[in-house]
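If you want the building blocks of each chain, they are given just below.
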2 protein chains.
Amino acid sequence: MKNVYLPGCLLGIVVAGLLLAAAPPAAVLRKVRQYRQGHEQALLAEYLHLLAIPSVAADSAGLRQTATTIAEMMRQRGITNVQLLAAPTPGVPPTVYGEVRVPGATRTLVFYAHYDGQPVNAAQWAPGLSPFKPVLASGSLASGGHLLPLPAPTAPLSPDWRIYARGSSDDKAGVMTILTGYQALAQSGIKPTVNLKFFFEGEEERGSPHLAEVLRKYRTALQADLWIICDGPVHQSGRKEVVFGVRGDVNLGLTVYGPKRPLHSGHYGNWAPNPALELAQLLASMKDSTGRVRVAGFYDDVVPLTAAEQAAVRRVPAVEPALQQELGFARPEGQGQSLVELLNQPSLNINGLRSANVGAQAANVIPTTAEAMLDLRLVLGNDYQRQLAKVERHIERQGFFVTHAEPTDVERAQHARLVRLEPGAGYNAQRTPLDLPLARQVVQAVQTTTAEPVVVLPTLGGSLPLYVFKQELGTPTLTVPVANYDNNQHAENENIRLGNLWDGLETMAALMTLK
Amino acid sequence: MKNVYLPGCLLGIVVAGLLLAAAPPAAVLRKVRQYRQGHEQALLAEYLHLLAIPSVAADSAGLRQTATTIAEMMRQRGITNVQLLAAPTPGVPPTVYGEVRVPGATRTLVFYAHYDGQPVNAAQWAPGLSPFKPVLASGSLASGGHLLPLPAPTAPLSPDWRIYARGSSDDKAGVMTILTGYQALAQSGIKPTVNLKFFFEGEEERGSPHLAEVLRKYRTALQADLWIICDGPVHQSGRKEVVFGVRGDVNLGLTVYGPKRPLHSGHYGNWAPNPALELAQLLASMKDSTGRVRVAGFYDDVVPLTAAEQAAVRRVPAVEPALQQELGFARPEGQGQSLVELLNQPSLNINGLRSANVGAQAANVIPTTAEAMLDLRLVLGNDYQRQLAKVERHIERQGFFVTHAEPTDVERAQHARLVRLEPGAGYNAQRTPLDLPLARQVVQAVQTTTAEPVVVLPTLGGSLPLYVFKQELGTPTLTVPVANYDNNQHAENENIRLGNLWDGLETMAALMTLK
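What counts, and at which threshold
Residues numbered from 1 in each chain as written. Chains lettered and ligands numbered in written order. Predicted model: local features only at pLDDT ≥ 70, side-chain atom pairs only at ≥ 80, totals over all residues. Helix = DSSP H or I, 4+ residues; strand = E, 2+ residues; numbered from the N terminus. Rg over C-alpha atoms; globule rule 2.2 N^0.38 Å. Buried ≥ 20, exposed ≤ 12 C-beta atoms within 10 Å, placed from the backbone. Contact = placed C-beta atoms within 7 Å. Domains from an automatic or database assignment. Nonpolar A, V, L, I, M, F, W, Y, C, P; charged D, E, K, R; others polar. Axes fitted to C-alpha atoms, helices over the stretch in contact; angles between N-to-C directions. Parallel < 35°, antiparallel > 145°, perpendicular 65-115°, else oblique. Left-handed = near helix turned anticlockwise from the far one by under 90°. Pairing = 2+ DSSP bridges. Core = buried A, V, L, I, M, F, W, Y, C linked by C-beta atoms within 7 Å. Least-squares fit on C-alpha atoms with pLDDT ≥ 70 in both. pLDDT = per-residue confidence, 0-100. Arc of directions from axis to C-beta. Expected span 1.5 Å × (residues − 1).

(A) Here's a closer look at the overall build of chain A. Counting secondary structure elements, chain A contains 16 helices and 21 strands. Here the C-alpha atoms of chain A give a radius of gyration of 24 Å, agreeing with the 24 Å that 2.2 N^0.38 yields for 515 residues. In terms of principal-axis extent, the alpha carbons of chain A reach across some 80 × 50 × 50 Å. Expressed as a percentage of the 515 residues in chain A, the buried residues total 55%. Counting contacts in chain A only where the partners sit at least 6 residues apart, residues at least 24 apart contribute 81% of the total.

This is the structure we're talking about:
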């Protein structure tokens with residue numbers, strides 16, 4: 001699907017000058033829900049179309065096509081001043097921008113989502129799935145769901161159905177629920193209470209390396225009171241969530257070097273050093289058996305939670321026993337601390353390992369290299385470059401010579417243990433104060449759409465470059481996620497539950513009409 | 001190249017009843033060398049043809065085609081009673097058998113090689129190379145060699161040229177030098193001094209799981225005084241080699257289990273256990289920083305070398321400094337022991353690691369599994385099942401629950417650390433006594449082909465299922481390798497130096513005419 005195509009039934013939604021009126025929250029919810037219930041098939045068709053466009057960093061043409069498709073979706077909804085914002089640096093995927101100016105509104109919210117997805121390894125996806133060929137399933141495939149054909153045009157859709165595709169949750173779901181939330185309001189004749197701006201980024205999964213320069217360049221257009229970040233999953237309890245911060249993040253690639261050519265393990269085993277063993281020993285040195293990071297000073301910079309934040313943490317419903325059973329492990333890391341407590345600490349995670357081959361492809365060799373990818377999450381107080389430096393120092397203390405390039409013959413001859421470090425683009429954590437007045441109104445707005453208490457989290461475990469908004473614009477951010485928690489984001493078999501798309505639509509419409 | 005095709009110029013070598021005569025070693029060498037020099041292009045063409053037939057365990061049709069091609073090559077050389085020996089177990093790649101009965105000969109040698117190669121991962125081969133599309137290079141590609149077109153029909157071939165293909169060294173080179181050694185004798189009118197039998201196996205790289213039953217079934221046909229095993233590389237000094245034993249070998253696949261589905265490292269990092277970390281900690285526990293294996297009792301069963309064997313070990317030329325420089329590492333394992341001393345000890349090597357993805361494909365996840373493949377080499381006294389049991393016990397002592405199948409939900413709920421062990425087919429070491437009379441004659445015969453002293457090794461670092469010959473037939477074995485040591489056997493970019501093919505041909509002809 002390389003051509004921009006939008007289902008015909010959606011073309012009718014272009015609004016020129018609908019009669020818009022303010023409405024109380026209950027009325028908003030009722031009308032928005034009615035609208036959605038009457039248009040589920042069309043919304044699904046449009047979303048499947050969007051998911052079929054490859055949108056990963058390795059495919060710049062796909063990213064651009066995704067951006068132009070989203071821009072067209074915005075124009076069709078009557079959003080004004082739609083444009084693709086170019087970064088000062090050439091070659092950066094464009095940011096899709098648009099706005100809705102509401103007569104009489106005194107406040108402005110920017111709705112943020114990102115349209116790029118994590119890298120894909122199609123071979124790792126389950127049979128019948130392919131990252132950019134979205135398909136429906138009757139439920140989570142990991143829990144007995146099965147693939148479904150596309151429903152007949154008038155058939156009802158179950159909220160428990162899932163769409164499987166890269167980006168289906170992270171974060172085209174953000175784009176989709178924001179745009180359909182606005183669409184439901186506009187088509188129901190309901191006027192937003194705030195001015196709306198839309199900002200859809202295309203580089204989030206690469207660590208948003210050009211976000212700061214984009215914000216600087218378009219600072220004037222982006223003036224606002226608050227950014228609503230629509231990304232990440234709702235709470236594992238299924239309850240809606242407003243998140244006041246995110247962890248920072250930085251990746252670190254490690255390559256340990258062994259002999260220059262792969263050696264027969266029989267003729268050289270016991271004599272030639274094995275880089276896979278050296279990597280294992282290095283990684284093993286980084287954490288103890290409880291998951292505590294042993295890198296010196298790793299936890300030193302952490303800014304403690306305020307009393308209000310600690311209280312919010314205590315109110316988060318416990319999900320650990322059920323999660324552990326679902327995920328199939330007997331003992332978590334962290335020596336009895338709760339998941340939410342642990343997410344308020346910095347972390348060091350191994351994302352992947354590779355050295356030569358395993359399984360049926362394994363051969364009896366001493367490999368030439370062994371690689372790992374680390375992921376360091378940061379909390380308020382941590383600095384990503386300082387955190388990287390601590391890890392690098394730890395690696396040196398294990399006897400490794402650290403290089404940032406392929407080792408030279410001289411380095412190979414001089415140093416018994418050689419590791420190449422390749423840090424990724426990183427950024428720090430961000431936390432918005434719990435007592436910000438507009439933040440309370442956001443929580444109340446979300447609360448109008450659900451009977452269950454909204455979960456208020458001081459920080460999300462995941463990362464978004466939210467510090468950049470504060471730094472470049474001085475504007476606070478709140479994160480309001482929509483995806484199901486079991487969405488396999490960042491992995492194979494990523495999926496979104498249809499019910500979460502519909503709930504998210506209602507959440508976004510409520511935010512656009514907050515009191 | 002799926003059809004059996006043999007270069008026309010070789011079809012002329014079918015011998016019906018040539019006049020054969022015994023000859024002194026110097027005359028044998030002169031005539032054999034003359035014959036080879038006059039037929040290098042034809043021999044090369046035939047070998048390229050053989051190398052182009054895929055011959056890995058995953059391709060049973062390719063293995064069978066390889067076997068029938070070799071059988072045809074034998075018939076064309078006048079070898080008699082050529083047949084494909086079927087194993088009692090169905091589906092086993094056939095063994096290619098043939099014989100040359102020499103009137104008056106009182107001794108019988110069996111020449112063994114294997115025609116199957118190690119598994120291939122074509123993506124890991126260098127640009128321009130493909131495992132079963134053999135190509136010529138001007139020298140080792142790792143040391144500045146470059147790819148060459150096929151030479152003109154009358155162009156001279158440099159002995160330093162290499163052929164790149166899976167199996168080019170390990171061990172179609174064995175098949176080729178044995179058959180061309182005999183061909184050179186036959187075509188030069190020289191009578192072997194011993195009866196010859198030929199035995200080309202197709203399952204060696206899988207650990208020869210059906211060799212014993214084949215030897216049992218064909219025990220009568222395989223009566224002999226000695227088996228000559230043509231496999232492995234000559235000494236790194238370039239000197240020819242006679243090897244009296246081999247290490248045993250067994251593989252062990254490990255899979256450590258984490259959460260059932262890949263988890264976002266931000267939302268679960270610090271809480272959900274990471275199987276890559278657990279695998280790293282497990283592997284790190286197995287060896288110390290000098291490469292000494294820390295598995296309890298690992299070195300206990302070793303039968304010490306005899307005084308004669310120790311003396312032979314001391315006579316092996318030192319190659320370590322030059323090798324270390326070539327391979328590009330600063331410190332070997334083994335705390336100062338020589339390579340040959342270390343090869344007379346059992347070993348534990350990591351062949352490969354895999355967990356999720358690294359590099360550009362890495363995603364910020366907690367992986368579901370982490371895999372490693374181990375390779376345990378065994379010396380005289382070790383038993384492969386006992387050695388596996390020691391490693392399994394060590395793994396349990398590190399707190400792992402060991403299973404041999406996918407863990408059940410109950411096992412996941414009960415055990416904090418779970419590992420699945422998948423042992424491969426294994427076998428023990430074998431060593432022929434240095435003072436066996438026929439063995440001395442073998443060393444003398446090889447010595448007639450070279451001015452440099454032949455290296456006598458009590459054991460090869462590599463493995464062959466030689467214990468099976470002793471056990472099933474009671475017949476001793478000697479290994480006489482031909483490949484260059486830097487052949488990348490068991491890895492990508494496997495290659496053979498042409499000069500080693502020609503030297504090997506002379507070695508085999510000398511053995512067939514030993515005094």
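The rest of the description comes next.
(B) View of the domain arrangement of chain A. Residues and elements named next belong to chain A. By the assigned domains, chain A splits into domain 1 (8-244 + 432-512), domain 2 (247-303 + 344-423) and domain 3 (306-341). One C-alpha centre belongs to domain 1, the other to domain 3, and the line joining them spans 27 Å. Listed by partner, the interface residues are nine residues for domain 1 and eight residues for domain 3. Here the residues of the side of domain 1 that touches domain 3 sort into five nonpolar, two polar and two charged.

(C) Just the packing of helix 2 (residues 25-38) of chain A against helix 16 (residues 498-512) of chain A, in detail. Residues and elements named next belong to chain A. As a packed pair, helix 2 and helix 16 sit with axes 10 Å apart at the nearest point and diverge in direction by 140 degrees. Considering the angle they form, helix 2 stands oblique to helix 16. Judged by the sense of rotation from one axis to the other, the crossing of helix 2 with helix 16 is right-handed. Listed contacts from helix 16 to P25, V28, L29, V32, R33 and R36 of helix 2 are W502, L505, E506, A509 and A510. Each residue belonging to the contact of helix 2 with helix 16 can be placed in one class, and the counts come to eight nonpolar, no polar and three charged.

(D) Focus on the sheet that holds strand 6 (residues 162-164) of chain A. Residues and elements named next belong to chain A. With respect to topology, four strands assemble into an open sheet ordered 5-4-6-21, the strand pairing being antiparallel. At either end of the open sheet lies a strand with only one pairing partner, and these are strand 5 (147-148) and strand 21 (495-497). Bridge count between strand 4 (residues 135-137) and strand 6: three bridges; the pairing is antiparallel. The residue bridging L136 from the neighbouring strand is I163, located in strand 6.

(E) The nonpolar core, seen in detail. I228 of chain A together with I228 of chain B are the most contacted members of the largest nonpolar core, which has 296 residues in total. Excluding residues within four positions of it along the chain, I228 of chain B makes contact with L109, V110, F111, Y112, L478, V480 and L511 of chain B.

(F) Fine view of the relation of the copies chain B and chain A. The operation relating chain B to chain A is a screw motion whose rotation component is 180 degrees, with 0.0 Å of axial translation and a residual RMSD of 0.1 Å. Here the copies are linked by what is in effect a two-fold axis. Of the residues that chain B buries at the interface, 100% are likewise interface residues in chain A, meaning the two copies contact each other through the same surface.

(G) Up close: the confidence of the model for chain A. On average, chain A scores 93 in pLDDT, and the residues at 70 or more come to 96%. Predicted complex metrics record ipTM = 0.83 and pTM = 0.82.

(H) Spotlight on the pairing of strand 10 (residues 245-257) of chain B. All names here are of chain B. Judged by how many residues are buried, strand 10 sits mostly within the fold: 12 of 13 residues are covered. One ladder, built from two bridges, connects strand 10 with strand 17 (residues 430-431); its direction is antiparallel. In the sheet register, V246 faces strand 17, and the bridge partner there is Q430. Sheet topology places strand 10 next to strand 19 (residues 460-463); two bridges connect them, and they run parallel. When the bridges of strand 19 are listed, R247 appears paired with S463. Here strand 10 pairs with strand 14 (residues 369-378) via 10 bridges, running antiparallel.

(I) Broad picture of helix 14 (residues 437-447) of chain B. All names here are of chain B. Taken together, the buried positions of helix 14 are occupied by V442, A445 and V446. For helix 14, the arc enclosing every buried residue in end-on projection is 95 degrees, short of the 170-degree limit, so these residues lie on one face. Looking at the buried positions of helix 14, the neighbouring elements they touch are strand 9 (241-243), strand 20 (477-479) and helix 16 (498-512).

(J) Main features of the packing of helix 2 of chain A against helix 5 (residues 172-187) of chain A. All names here are of chain A. It is the contact of helix 2 with helix 5, at a shortest axis distance of 9 Å, that shows an interaxial angle of 105 degrees. By the criterion of interaxial angle, the relationship of helix 2 to helix 5 is roughly perpendicular. Residues V32, Y35 and R36 of helix 2 touch helix 5, and the partners they reach there are A184, L185 and Q187. When its residues are assigned to classes, the contact of helix 2 with helix 5 shows four nonpolar, one polar and one charged.

(K) Representation of the interface of chain B and chain A. Taken together, the contact pairs 84 residues of chain B with 84 residues of chain A. A total of nine residues in the side of chain B that touches chain A trace back to one element, the largest contributor, which is strand 12 (residues 347-356) of chain B. Taken together, the residues that form the side of chain B that touches chain A break down as 37 nonpolar, 33 polar and 14 charged. Inspection of the sheet shows strand 12 (residues 347-356) of chain A paired to strand 12 of chain B by five bridges, in the antiparallel sense. Note that in strand 12 of chain B the partner of L353 of chain A across the bridge is S355 of chain B.

(L) Region of interest: unusual backbone geometry. Cis geometry marks the peptide bond from D170 of chain A to D171 of chain A, where omega comes out at 15 degrees. By the secondary structure assignment, D171 of chain A is in the loop between strand 6 and helix 5. One non-glycine residue, S208 of chain A, adopts positive backbone phi at about 50 degrees. One non-glycine residue with positive phi stands out, namely Q335 of chain B, at about 50 degrees. Structurally, Q335 of chain B is set in the loop between helix 10 (320-327) and helix 11 (339-342).

(M) Representation of the pairing of strand 2 (residues 95-100) of chain A within the structure. Residue and element names in this part refer to chain A. Of all six residues in strand 2, six are buried; the element is thus mostly enclosed. Burial of the side chains of strand 2 extends over both faces: T95, Y97 and E99 are buried on one face and V96, G98 and V100 on the other. Where strand 1 (residues 80-85) and strand 2 come together, four bridges link them in antiparallel fashion. Of the residues in strand 2, the one forming a bridge with T80 is E99. Inspection of the sheet shows strand 2 paired to strand 7 (residues 195-201) by five bridges, in the antiparallel sense.

(N) Structural context of the sheet that holds strand 6 (residues 162-164) of chain B. The four strands are arranged 5-4-6-21 (chain B) in an open sheet whose pairing can be described as antiparallel. Each having just a single partner strand, strand 5 (147-148) and strand 21 (495-497) of chain B make up the two edges of the open sheet.

(O) Here's a closer look at helix 3 (residues 40-51) of chain B. Residues and elements named next belong to chain B. Spanning 12 residues, helix 3 covers 16 Å between terminal C-alpha atoms, matching the ideal 16 Å at 1.5 Å per step. The set of residues buried in helix 3 consists of L43, L44, E46, Y47, L50 and L51. Looking straight down helix 3, one finds that the buried residues subtend no more than 165 degrees of arc, so they occupy a single side.

(P) Quick look at the environment of R386 of chain B. Tracing the backbone through its elements, the reader meets R386 of chain B in helix 12 (residues 384-397). Given 14 C-beta atoms within a 10 Å radius, R386 of chain B is considered partly exposed.

(Q) Summary view of the environment of T193 of chain A. Residue and element names in this part refer to chain A. Along the polypeptide, T193 turns up in the loop between helix 5 and strand 7. For T193, a count of 21 C-beta atoms within 10 Å translates into the label buried. Apart from residues no more than four positions distant in its own chain, T193 is found in contact with A22, A105, T513, L514 and K515.

(R) Spotlight on the environment of L473 of chain A. Turning to its location among the elements, L473 of chain A is positioned in helix 15 (residues 466-473). In this view, L473 of chain A contacts L215, R219 and L222 of chain A; residues no more than four positions away in its chain are not counted.

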